[in-house]
Amino acid sequence: MGCMFSHLAAKFAFFPPTPPTYHLTKNPDGKLSAVSASSSSTFPAAGDSSIDVRVVKTRRGNKVAAFYLRNPNARLTLLYSHGNAADLGQLVDLFVQLKVNLRVNLMGYDYSGYGASTGKPSEYDTYADIEAVYECLQTEYGVGQEDLILYGQSVGSGPTLHLASKLPRLRGVVLHSGILSGLRVLCHVKFKFCCDIYSNVNKIKKVKCPVLVIHGTEDDVVNWLHGNRLWKMAKEPYEPLWIKGGGHCNLEIYPDYIRHLYRFIQDMENTSTKSRLKKIWQEIRRRDESKGCCSFRLCRPKCPSCPKPSCHCGCCKCECPSLQGCFSCKKPSCVGCCCPKFKCCSCFGKPKCPKCSCWKCLKCSESECCRSCCCAGCFSWLCCCGGGKRKEMKTRGETSLAKSEG
């Protein structure tokens, strides 16, 4: 039923130019060229090696047309997903300008059913299209996700966020007049319906890289509130660009557009993978600490039966999952475990003896046990592993035996 509604929604969501504004021809050398339907001009021109025209096959059986524009000074690659009612023939001039002004390599493609691409347009076909083009970038041009920025305009924000949610090391994302979902463009709803397409409102939460949102304040097709909410829901939002007076299809003519986009590209170039991973680990550490895990770190306690610190002989059995997690690493970050056999871990007080730094347990009911064997210098933790209890029970047993013999 949901699939039927999706196909029905696709009929109202996609408007490919009819007829297409270009068609593909094969040159004598075997390479493809695109011929404009209006001017009959051919690109790339003869001898121009800066543009590649390719046809990429998708997992759904369609053949997708794609243009790859090289910039010899580029460090990053932009994967451009265009908006509705447009195809590559109308976007070539824009692609050339972006390639030069942003100093990037650029890959643009037509969705299934658009331009020279085969098939019919649908939500899931656009997902297959962008996945196939990304695979082409990897295999044919050696572009990894660390050097890739995804750019989605209008309906192109759907496949862009679909792919971005699957690439954890992606360099960045640009949402140009992006949508929350297909149905939310027509009416303000807060619930998901089976006939809705491009649920960006859910996928934006899975994107782990910086997200730049560009939107016109006077957009009469996709309200500015779509862009504002996408920006607020992003995990790592970049400074947005709200173009005052901008509409839906004219943001490129504003000087702030290219200026802000260039600054974003520069910031992404200066952001190394190492610094991004460091930031991710800091965020994970802050999230763990907010859950109550203390920052007091100890070396792994030695096993009382053998000298190996990573012994798995079972002598230090503990059913508490928190302590099992602590002992599985070299530096446990949590000693606040509430396991019955490790009462001393949650009640460290001040050292009793300044010479040997034996810890005096101030809260544990078995303070005699802790006082006799919990030494901070060796961390043998005999009392924690049951050694103190065994000594106490042994002493009591010998006393009772002596009384009975007497």
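Everything discussed here concerns the structure shown above.
Residues numbered from 1 in each chain as written. Predicted model: local features only at pLDDT ≥ 70, side-chain atom pairs only at ≥ 80, totals over all residues. Heavy atoms only, no water.

A.B. asks: When you look at the sheet that holds strand S10 (residues 211-216) in this model, what are you seeing that I'm missing?
C.D. replies: Strands belonging to one sheet form pairs held by backbone hydrogen bonds; the direction of such a pair is parallel or antiparallel. Read from one edge of the open sheet, eight strands run S4-S5-S7-S6-S8-S9-S10-S11, paired in mixed fashion. The open sheet terminates on both sides in strands that have one partner only, identified here as strand S4 (51-57) and strand S11 (241-243). Neighbouring strand axes in the sheet, compared pairwise and without regard to direction, differ in orientation by 15° on average. Of the strands in this sheet, S4, strand S5 (63-69), strand S6 (77-81), strand S7 (105-109) and strand S8 (148-153) are in contact with helix H3 (residues 123-141), which crosses S4 at around 125°. Along the sheet, helix H7 (residues 224-233) makes contact with strand S9 (172-176), S10 and S11, crossing S10 at roughly 165°. (Pairing = 2+ DSSP bridges. Helix = DSSP H or I, 4+ residues; strand = E, 2+ residues; numbered from the N terminus. Axes fitted to C-alpha atoms, helices over the stretch in contact; angles between N-to-C directions. Contact = heavy atoms within 4.5 Å.)

A.B. asks: Looking at this structure, how should I read the sheet that holds strand S2 (residues 32-36)?
C.D. replies: Ordered by their spatial adjacency, three strands build an open sheet running S1-S2-S3, and the pairing between neighbours is antiparallel. One side of each edge strand has no neighbouring strand; the edge strands of this open sheet are strand S1 (22-26) and strand S3 (42-43). Pairing of S2 with S3 involves two bridges; the strand directions are antiparallel. Each bridged residue has a counterpart across the sheet, and for Ala34 the counterpart in S3 is Phe43.

A.B. asks: Explanation requested: the packing of aromatic side chains in the structure shown.
C.D. replies: How two aromatic rings sit relative to each other is given by the distance of their centres and the angle of their planes. Taken as a whole and assessed by the stated rule, the structure comprises 13 aromatic pairs. Ring geometry for Tyr80 against Phe95: centres 5.1 Å apart, planes inclined by 65°, an arrangement best described as edge-to-face. Here Tyr80, found in strand S6, pairs with Phe95, found in helix H2 (residues 88-102); they are 15 residues apart in sequence, far enough to count as distant. Overall, the relative accessible area of 1% leaves Phe95 in the buried class. With a centroid separation of 6.3 Å and 90° between ring planes, the pair formed by Trp231 and Trp242 is classed as edge-to-face. In this pair, Trp231 sits in helix H7 while Trp242 sits in strand S11, placing the two residues 11 residues apart along the sequence. Trp242 sits in the partly exposed class, given a relative accessible area of 26%. Through a chain of ring-to-ring contacts, three or more aromatic side chains come together here, namely Phe14, Tyr124, Tyr127 and Tyr198. (Phe/Tyr/Trp six-rings, centres within 6.5 Å; stacked < 30°, edge-to-face > 60°. Buried < 20%, exposed > 50% of the residue type's maximum accessible area, 1.4 Å probe, protein only.)

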